[in-house]
Amino acid sequence: MDLFDHALKQQMKTDAPLAARMRPRTLDEYVGQQHIVGEGRLLRRAIEADRLFSSILLWGPPGTGKTTLAMAIANHTQSHFETISAVLNGIADLRKVVADAQERRKMYRKRTILFVDEVHRWNKAQQDALLPHVENGTVTLIGATTENPYFEVIGALVSRSRVFQLRPLEEGDVRELLTRALADRERGYGTRAVQVDEDAFAHLIHVANGDARNALNALELAVESTPPSMAAGSAQGAGREGVIHVTLEVAQESIQRRAVLYDKDGDAHYDTISAFIKSVRGGDPDAALYWLAKMLYAGEDPRFILRRLIILAGEDIGMGDPMGMVVANAAAQAFDYIGLPEGIFPIVHAVLYLSTAPKSNSATHYFKAFDRIEKEGVGEVPNPLKDGNRDAKALGHGKDYIYPHDDPAHFLPQQYLPKNLLGTYFYNPSQVGYEAEITDRLARWRAAQRAALGITETQTIPDLSEAEIREIKGKHKAQ
């Protein structure tokens, strides 16, 4: 590194954002995540003893200290520490790191720890390229990811690593970091007169939502954008600089919206929609409204929510209240017609209706029939049910079919299932809502059918498990 490179590096340190300047350098400076780096914890012991031999994956939301923890490890270890970004670096960069690590191990018996930031951004081929070098110990991997590694990192890498999950920081942790930034004379604002009102301080902490970087960025914006007051008694424009006063109003301008962890392709997205659907299914309108508000606040596409509500209306409300499907569809059509913001009202209408409606999942009984066909094959259509428009004369198709509406009750018992399935009942109505009205009527019809057809043995097909239904749904999707 020449003189100019050194000067540039020092200048970049000085000009770096406050969050980067205040990044803890040691485990003693590290704040939060006591469940994994607290005194006596396994990871802390391994770091302090410089015995980090197995690879680790640090999984957690932004601003919870993944990169900071990796840097603390770098400052504690006697191993060579390399850093690459999965966003900026590819296989060519990885090959160079591996080659250098192999040479270092051979020449100096020195281990290499490789920190891969945003490791989930590497595709399968890139992660596969890393695997053998982790496996043979050429590098010890520290991977940082905001996404669930069990889904976004190849299984072979996960199985060779210890996964540590980082949580959003507690408000006390964020307060400590902000207080430290105001007091630090080298990297923070310790050399400047900064006064932050308590309500402003509380706002910065609360709205940051456990994201240290977000809180420090907000503090920096508040301080750097607020002119210092003039010293008392000085002439206008001629006095020495006074206090930078950060009021609640300034803090609110610096961080106006609470940080919401919500990546439309990530865990938070799927976890939130899951919580929303389960709340509606479980009959909790309050929780349903909360999760709906989170999704809309974070910018979720309302049409995605409406599509899920229509599915839920068919799957979980079903015959318990057939109007549920009507309401869900009407909400989707109304939203397409009026858009935001007024389009929120039909969405909320549907959410409240479906949350408080009687529930029945009897629509899933269809999968029993599908499962029977898959296992036993398709039975022949009974002759009376066949289309008589083409082959009635030659083959007798449709012969003996009785038109139900010829009867005053609009029901006449006759054969509808293949002969080998007579007396088999796939549909078992619930005793909830509208469906409860069906139970007696269907029982009478089935009794009349058994008498007319001489059915002496019946079989009610038991309900399938959720896993079995999910498997059959997947087969529909594949088709």
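Looking now at the environment of Asn420. One can find Asn420 in the loop between helix 20 (388-395) and strand 8 (424-425). On a C-alpha basis, the gap between Asn420 and Ala332 in space is 43 Å, while along the polypeptide they are 88 residues apart.

With 5 of its 6 residues buried, strand 3 (residues 112-117) lies for the most part within the structure. The pairing of strand 2 (residues 80-85) with strand 3 spans 6 bridges and is parallel. Bridge pairing in strand 3 places Glu82 opposite Leu114. For the segment spanning strand 2, helix 6 (residues 91-108) and strand 3, crossover handedness is right-handed. In terms of strand pairing, strand 3 meets strand 4 (residues 140-145) through 4 bridges, oriented parallel. Paired with Val116 across the strands is Gly143, a residue of strand 4.

Quick look at helix 16 (residues 302-317) now. Listed in full, the buried residues belonging to helix 16 are Pro302, Phe304, Ile305, Leu306, Leu309, Leu312, Ala313, Asp316 and Ile317. In the stretch just after helix 16, Gly318 is the one whose phi turns positive, near 50°.

To characterise two packed helices, one gives the angle between the axes of the helices and the distance between these axes. One way to put it is that helix 16 packs onto helix 17 (residues 323-338) with a least axis distance of 8 Å and a crossing angle of 170°. Between helix 16 and helix 17, the crossing angle belongs to the class labelled roughly antiparallel. In this structure, helix 16 contributes Pro302, Arg303, Leu306, Leu309, Ile310, Ala313, Gly314 and Ile317 to the contact, and helix 17 contributes Gly324, Met325, Ala328, Asn329, Ala331, Ala332, Phe335 and Asp336. When grouped by side-chain class, the residues that make up the contact of helix 16 with helix 17 number 11 nonpolar, 3 polar and 2 charged.

This part covers the pattern of salt bridges. With the rule as written, the count across this model stands at 22 salt bridges. With a shortest N-O distance of 3.2 Å, Glu29 and Arg25 are connected by a salt bridge. Put simply, Lys106 and Glu103 hold a salt bridge, and the shortest N to O gap is 3.9 Å. Residue Lys106 and its partner Glu103 are both found in helix 6; the two are separated by 3 residues, about one turn of the helix. Through salt bridges that share partners, Arg25, Glu29, Asp184 and Arg187 make up one connected network.

Quick look at the nonpolar core now. In this structure, Leu18, Leu178, Val196, Leu204, Leu219 and Val246 are the most contacted members of the largest nonpolar core, which totals 30 residues. Put simply, the parts of the chain that give this core at least two residues each are helix 2 (18-21), helix 10 (171-183), helix 11 (198-208), helix 12 (212-224), strand 7 (244-246) and helix 13 (248-254). The residues contacting Leu178, other than those within four sequence positions of it, are Phe201, Leu204, Ile205, Ala215, Leu216 and Leu219. Membership of the second largest hydrophobic core comes to 24 residues, among which are Phe276, Val280, Phe304 and Ala313.

On to unusual backbone geometry. The peptide bond linking Leu340 to Pro341 adopts the cis configuration, its omega dihedral lying at 5°. Residue position: Pro341 is located in the loop between helix 17 and helix 18 (344-356). Phi at Arg109 is positive, roughly 55°, even though this residue is not glycine. With respect to the helices, strands and loops of the structure, Arg109 is situated in the loop between helix 6 and strand 3.

This part is about helix 19 (residues 366-376). The set of residues buried in helix 19 consists of Phe367, Lys368, Phe370, Asp371 and Arg372. Looking one or two residues beyond helix 19, the residue adopting positive phi is Gly377, at roughly 85°.

The subject of this paragraph is the sheet that holds strand 3. The strand order across the open sheet formed by 5 strands is 2-3-4-1-5, and the pairing between neighbours is parallel. What marks the edges here is a single partner per strand, and that holds for strand 2 and strand 5 (161-165). Here the average twist between neighbouring strands, direction ignored, is 15°.

Here we come to the packing of aromatic side chains. Throughout the structure, instances matching the rule amount to 4 aromatic pairs. Ring plane angle 80° and centroid distance 4.9 Å describe the contact between Tyr290 and Trp291, whose orientation is recorded as edge-to-face. Under the relative-accessibility criterion, Trp291 is labelled partly exposed at 25%. Each ring, one from Tyr366 and one from Phe367, has its centre 5.1 Å from the other, and the planes form 65°; the classification is edge-to-face. Residue Tyr366 is classed as partly exposed on the basis of its relative accessible area, which comes to 42%. Under the relative-accessibility criterion, Phe367 is labelled buried at 11%. Taken together, the aromatic side chains of Tyr366, Phe367 and Phe370 make up a single cluster linked through ring pairs. Across from the ring centre of Tyr425, 4.2 Å away, lies the NZ or CZ of Arg446, which sits over that ring.

Conventions adopted
Residues numbered from 1 in each chain as written. Predicted model: local features only at pLDDT ≥ 70, side-chain atom pairs only at ≥ 80, totals over all residues. Heavy atoms only, no water. Helix = DSSP H or I, 4+ residues; strand = E, 2+ residues; numbered from the N terminus. Buried < 20%, exposed > 50% of the residue type's maximum accessible area, 1.4 Å probe, protein only. Pairing = 2+ DSSP bridges. Right-handed = clockwise from strand over helix to strand, strands pointing away. Axes fitted to C-alpha atoms, helices over the stretch in contact; angles between N-to-C directions. Parallel < 35°, antiparallel > 145°, perpendicular 65-115°, else oblique. Contact = heavy atoms within 4.5 Å. Nonpolar A, V, L, I, M, F, W, Y, C, P; charged D, E, K, R; others polar. Salt bridge = Lys/Arg side-chain N within 4 Å of Asp/Glu carboxyl O. Core = buried A, V, L, I, M, F, W, Y, C linked by side-chain atoms within 4.5 Å. Phe/Tyr/Trp six-rings, centres within 6.5 Å; stacked < 30°, edge-to-face > 60°. Lys NZ or Arg CZ within 6 Å of the ring centre and 35° of its normal.

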